[in-house]
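# Reading the structure
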Amino acid sequence: MLDHQSPDVVVIGGGPAGATVSTLIAQQGYRVELFERERFPRYHIGESLIPETYWILKRLGMLSKMKSSHFIKKHSVQFVSPSGKHSAPFYFHDNKPHECSQTWQIRRSEFDVMMLKNAEEQGVTVREGVRVHDVLFEGDRAVGVQITDETGNLKEIRASVVVDASGQSSMLINKFKLRVPDTELNKGAIWTYFKGAYRDQGKDEGATIVLSLRDKQGWFWYIPMQDDTVSVGVVADFDYLFKGRVNHETTLAEEMENCLSVKERVSNAEQVAPVKATKDYTYRASQAAGDGWVLVGDAFGFLDPLYSSGVMLALKSGELAADAIVEGLQNGDTSKTQIGKWEAGFVEGMNRMRRLVCEYYDGFNFGEFIRRYPHHRGSVTDLLIGDLFKQDLDQVFTDIDSMRATKGPG
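What counts and what doesn't
Residues numbered from 1 in each chain as written. Predicted model: local features only at pLDDT ≥ 70, side-chain atom pairs only at ≥ 80, totals over all residues. Heavy atoms only, no water. Axes fitted to C-alpha atoms, helices over the stretch in contact; angles between N-to-C directions. Helix = DSSP H or I, 4+ residues; strand = E, 2+ residues; numbered from the N terminus. Parallel < 35°, antiparallel > 145°, perpendicular 65-115°, else oblique. Left-handed = near helix turned anticlockwise from the far one by under 90°. Contact = heavy atoms within 4.5 Å. Nonpolar A, V, L, I, M, F, W, Y, C, P; charged D, E, K, R; others polar. Core = buried A, V, L, I, M, F, W, Y, C linked by side-chain atoms within 4.5 Å. Buried < 20%, exposed > 50% of the residue type's maximum accessible area, 1.4 Å probe, protein only. Domains from an automatic or database assignment. Buried area = accessible area lost by both parts, 1.4 Å probe. Salt bridge = Lys/Arg side-chain N within 4 Å of Asp/Glu carboxyl O. Polar contact = N/O pair within 3.5 Å; in protein donor to acceptor, adjacent residues only side chain to side chain.

## Some thoughts on the packing of helix α1 (residues 16–26) against helix α2 (residues 53–60)
Where α1 meets α2, the closest approach of the two axes is 10 Å, and the angle between their N-to-C directions is 45°. Between α1 and α2, the angle falls in the class oblique. Here α1 and α2 pass one another in a crossing that is left-handed. On α2, the residues touching T20, T23 and L24 of α1 are I56, R59 and L60. The class makeup of the residues in the contact of α1 with α2 is three nonpolar, two polar and one charged.

## Some details on the nonpolar core
Core analysis: the largest hydrophobic core is formed by 115 residues, its most contacted members being L57, M66, F111, V145 and I325. When residues in this core are grouped by element, the largest group, eleven residues, is from helix α10 (residues 310–331). Among residues more than four places away in sequence, those in contact with I325 are V9, V21, I25, V161, V163, V294 and I339. A197, L211, V232 and A236 belong to the second-largest nonpolar core, a separate cluster that totals 21 residues.

## Focus: unusual backbone geometry
Cis geometry marks the peptide bond from F40 to P41; its omega dihedral reads 0°. Along the chain, P41 turns up in the loop between β2 (32–36) and α2. Its identity is not glycine, yet D227 carries a phi of approximately 60°, on the positive side. Within the secondary structure, D227 sits in the loop between β15 (218–224) and β16 (229–237). Even without glycine at this site, S308 takes up a positive phi of about 55°. When you line up the elements, S308 lands in the loop between β22 (301–302) and α10. Judged by its relative accessible area of 12%, S308 falls in the buried class.

## Observations concerning the domain arrangement of the protein chain
Along its sequence, the protein chain is organised into domain 1 (9–71 + 106–181 + 283–348), domain 2 (187–279) and domain 3 (364–407). Summarising the inter-unit geometry, the C-alpha centres of domain 1 and domain 2 are found 30 Å apart. Each partner contributes residues to the interface: domain 1 has 13 residues there, and domain 2 has 15 residues. The junction of domain 1 with domain 2 conceals about 1,100 Å² of combined surface from both sides, 55% of it contributed by carbon and sulfur atoms. Counting every contact that joins domain 1 to domain 2 gives one salt bridge. Taking the shortest distance from any N to any O, the salt bridge between R107 and D227 comes out at 3.0 Å. Between domain 1 and domain 2 we count eight residue pairs in polar contact (both at pLDDT 80 or more) in total.

## Quick notes on the pattern of salt bridges
On inspection of all chains with the given rule, the structure shows 34 salt bridges. Between E138 and R158 there is a salt bridge, and its shortest N-O distance comes to 2.7 Å. Of this pair, E138 sits in strand β8 (residues 131–138) while R158 sits in strand β10 (residues 154–158), and the two are 20 residues apart along the sequence. When salt bridges that share partners are traced, they join E52, K96, D382, D387 and K390 into one network.

Below you can see the structure in the form of structure tokens.
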């Protein structure tokens, strides 16, 4: 029996970040092995794409698959105030008249399978049901992984680079104690699914709706999906949602009373899934790479779901890391400096989205801001669609600070 030929890159985790990084490296002719602990399809939250995912999906060869899928088309986002007042839909196409401005509401169990199959079609060796026990190191350099294969045998797989895309339970973020919680965004979420709930018609059918709670303690997401299903969830401070409450089901029902627009929309619908909750929200790793290893997707960090940036940030980190790894493999340099060179720019973009999230929670009035600074309308839309990686967007935040200063405290 021939000895296992070592891959150039090992990827731990088959979610959107792992599928992206592995596909883009394999496209350049390198050997990539991806190990996924579960067998897909598997359930995952994070169902709304934002327009900037288009460009990475294009590089991955995924666009035609998305266009022929039955996922609901998403053209806009809409905000509902604490008093129940609906904003005008925020149409992405008005800002960028290009097909990238139409995106999708996805069912992650299906989308993730599509992404993983696409990786396989482009040369990635995908192995599901394989548990990675440890990342192997020689000194400070990652040199491979130890796995239990499908038949229960313990094996070592050597590689020039190890990519940890294993999600929030990331092996390396824990090994090196890199997790830095975001104390300002210490939120949680409780959600479920309804069939037959109200949805808008025509172009607005697939809009993500963000609805403030009446007491301004948090907000609901309302995401129309295929098969007449809607994803409905509440996000608020951890203590508010989870301390002194009876159970998650009761909390969700109580918060619907606190957001009558949501209650109304689901009044004739049937709940078709158990209530779920998550408490480990916003965090980031203190570094994205070391010699021979990289963190991508939720293994690197997760940002509050307010503007549905999760999948886009997973794809973007996968793309940026892949390009740095390919360049490193070409030059024989898999040092931290080379394969982590994308981190600073990525964090800048992530911080812009984070700032936008914090402004929302601080009760900032975006409508008033646009009225005062109409030339920023395009920049604010760029931030909302995930086009985050541009220095000139920082002027928006400079002017937000100016506006706050002129209004004074309170």
